[in-house]
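Now for the letters of each chain:
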Amino acid sequence: MKWNETARKGYSALYGKMVIKPERMAAVDKICDRILAGRGRYQSVGLVPWWWIGIVHNLESGCDFKTYLGNGEPLNRATRLVPAGRGPFSTWEAGAVDALKLHNLHKETDWTIPHALYLFEAWNGWGYVGKGVNSPYIWSFSNLYSSGKYVSDGVWSASAVSAQCGAAVILKRLIDRKEVVMSVDLLKLVPLIERVAP
């Protein structure tokens, strides 16, 4: 799926009507705390905003620094899942740089919310578009997702429900907590401004 004006409007509209499920808020806050605990390491990687790395790290491995950012596999051997054959890596940071460059994210300059959400979905894959289901990788724990999930690579279940918090939900909560500051005017694509750490 290509990034264009239709995609921008689509992600903007979804984000604008997204509501975090109240019964999931405590779990979302724990995830945000875990990401914030690793903030210094995410910032040290550079290439892309720290929060984008932290959110993917949580989605791929629950922020385990012994795993590859690209798919959550151990750093000490070559990866076997997609992307296969990466590594081994001596440090988490080296693996993170590899994963980000593999997806050409170091070349991105648009880190507005709609484009960041597009990049999360591109990272995970476009399989949900063909199923007519909002990707749980992005929207789980919100009013925009109820069921439908790939239970493994290429294996679809319409009844499966993701137990993982989506990227948009985490990002919204980080913004709500003022860990990431942005303009409220999504349609003008005002870039996110990172809060300076105390």
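Before reading on, note that the structure itself is shown above.
Just so you know, these numbers come straight off a predicted model, no measurement behind them.

(A) Up close: the overall build of the protein. From N to C terminus, the protein includes 9 helices and 4 strands. Each helix and strand of the protein, ordered N terminal to C terminal, gives the series α-α-α-α-α-α-α-α-β-β-α-β-β. For the protein, whose C-alpha radius of gyration is 16 Å, the value lies close to the compact-globule estimate of 16 Å for 198 residues. Its C-alpha atoms put the protein at 45 × 40 × 35 Å along the principal axes. Taking all 198 residues of the protein together, 46% fall into the buried category. For the protein, the proportion of contacts with a sequence separation of at least 24, taken over those separated by at least 6, is 56%. Of the roughly 9500 Å² of accessible surface on the protein, 55% is carried by carbon and sulfur atoms. Separation of charge centres in the protein, based on 24 positive and 17 negative side chains, amounts to 2 Å.

(B) Highlighting the nonpolar core. In this structure, Trp 51, Trp 52, Ile 55 and Trp 139 are the most contacted members of the largest nonpolar core, which totals 54 residues. Going through the elements one at a time, helix H1 (5-17), helix H2 (25-37), helix H3 (39-45), helix H4 (50-61), helix H5 (92-102), helix H6 (113-124), helix H8 (136-139) and helix H9 (167-176) are the ones with two or more residues in this core.

(C) Molecular detail of the packing of aromatic side chains. Under the defined criterion, the tally for this structure stands at 14 aromatic pairs. Their ring planes at 75 degrees and their centres at 5.5 Å tell us that Trp 52 and Trp 123 sit as a pair that is edge-to-face. Separated by 71 residues along the polypeptide, Trp 52 in helix H4 and Trp 123 in helix H6 bring together distant segments of the chain. Trp 123 shares its class with Trp 52; the two are buried. Three or more aromatic residues joined by ring pairs form one cluster here, namely Trp 51, Trp 52, Trp 111, Phe 120 and Trp 123. Arg 24 extends its terminal NZ or CZ atom over the ring of Phe 141, reaching a point 4.0 Å from the ring centre.

(D) Structural detail: H4. Taking 1.5 Å of rise per residue, the 12 residues of H4 would be expected to cover 16 Å, and the 16 Å separating its terminal C-alpha atoms lies within 8% of that figure. By the criterion of burial, H4 is predominantly enclosed, with 11 of the 12 residues buried. Count one or two residues on from H4 and you reach Gly 62, which has phi positive near 65 degrees.

(E) Structural detail: the environment of Cys 63. Note on placement: Cys 63 falls in the loop between H4 and H5. Considered as a pair, Cys 63 and Tyr 15 are 48 residues apart in the sequence and their alpha carbons are 24 Å apart. Filtering out sequence-adjacent residues up to four positions away, Cys 63 remains in contact with Arg 34, Ile 35, Tyr 42, Gly 54, His 57 and Asn 58.

So, how was this worked out
- Residues numbered from 1 in each chain as written.
- Predicted model: local features only at pLDDT ≥ 70, side-chain atom pairs only at ≥ 80, totals over all residues.
- Heavy atoms only, no water.
- Helix = DSSP H or I, 4+ residues; strand = E, 2+ residues; numbered from the N terminus.
- Rg over C-alpha atoms; globule rule 2.2 N^0.38 Å.
- Buried < 20%, exposed > 50% of the residue type's maximum accessible area, 1.4 Å probe, protein only.
- Contact = heavy atoms within 4.5 Å.
- Areas by Shrake-Rupley, 256 points an atom, 1.4 Å probe, with all protein chains shown as cover.
- Lys, Arg positive; Asp, Glu negative; His and termini not counted.
- Charge placed at Lys NZ, Arg CZ, Asp CG, Glu CD.
- Core = buried A, V, L, I, M, F, W, Y, C linked by side-chain atoms within 4.5 Å.
- Phe/Tyr/Trp six-rings, centres within 6.5 Å; stacked < 30°, edge-to-face > 60°.
- Lys NZ or Arg CZ within 6 Å of the ring centre and 35° of its normal.
- Expected span 1.5 Å × (residues − 1).

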